[in-house]
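Residue strings, one per chain:
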Amino acid sequence: MADYTSTLKKLLKNEGCLFVRNGKGDHEIWFSPMTNIRFPVDNKIKSRHTANGVLKQAGLSKHF
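Model, not experiment: these values are computed from the prediction.

Enquirer: Which parts of the structure should I look at to understand the overall build of the chain?
Expert: Per the secondary structure count, the chain includes 2 helices and 3 strands. Listing every helix and strand of the chain by position from the N terminus yields α-β-β-β-α. Taking 11 Å as the expected radius of gyration for a compact globule of 64 residues, we find that the chain reaches 11 Å, a close match to that expectation. Its C-alpha atoms give the chain principal-axis dimensions of about 30 × 25 × 15 Å. Within the chain, buried positions represent 30% of all 64 residues. For the chain, the share of sequence-separated contacts (at least 6 apart) that also reach a separation of at least 24 residues comes to 37%. A total of about 4200 Å² of accessible surface is found on the chain, and carbon and sulfur atoms cover 51% of it. Averaging the coordinates of the 11 positive side-chain charges in the chain and doing the same for the 5 negative ones gives two points 3 Å apart.

Below, the structure written as C-alpha cells:
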C-alpha cells in the first residue's frame, strides 16, 4: 500500500497551510488560511480517500 503522508504534507506546505502542533497519538494539527480552520493530519495515511479528504478540509482540490 502507498503512503500518502509525505506527498500530502508537501502539498499543504506549498499551498500555504501551516503546521500548528502535535495532536493526540500520531496526528498533527494544521491550519489552512483558505478555509480559516484547523484540521488533523494523520502521520500514516494509507488511503487516497483519506488524503483527498484532508485536502478538502484545507480548501484544496483532489490530488490523489
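Enquirer: Looking at this model, I keep getting lost on the nonpolar core. Mind explaining?
Expert: Nonpolar side chains in soluble globular proteins tend to be buried together. One finds Leu8, Leu12, Phe39, Val41, Ile45 and Val54 to be the most contacted residues of the largest nonpolar core, which totals 13 residues. For this core, the secondary-structure elements that each account for two or more residues are helix H1 (5-14), strand E3 (37-42) and helix H2 (48-57). Tallying contributions element by element places H2 first for this core, with 3 residues. In contact with Leu8, not counting residues within four places along its chain, are Val41, Ile45, Ala51, Val54, Leu55 and Phe64.

Conventions we followed
Residues numbered from 1 in each chain as written. Predicted model: local features only at pLDDT ≥ 70, side-chain atom pairs only at ≥ 80, totals over all residues. Heavy atoms only, no water. Helix = DSSP H or I, 4+ residues; strand = E, 2+ residues; numbered from the N terminus. Rg over C-alpha atoms; globule rule 2.2 N^0.38 Å. Buried < 20%, exposed > 50% of the residue type's maximum accessible area, 1.4 Å probe, protein only. Contact = heavy atoms within 4.5 Å. Areas by Shrake-Rupley, 256 points an atom, 1.4 Å probe, with all protein chains shown as cover. Lys, Arg positive; Asp, Glu negative; His and termini not counted. Charge placed at Lys NZ, Arg CZ, Asp CG, Glu CD. Core = buried A, V, L, I, M, F, W, Y, C linked by side-chain atoms within 4.5 Å.

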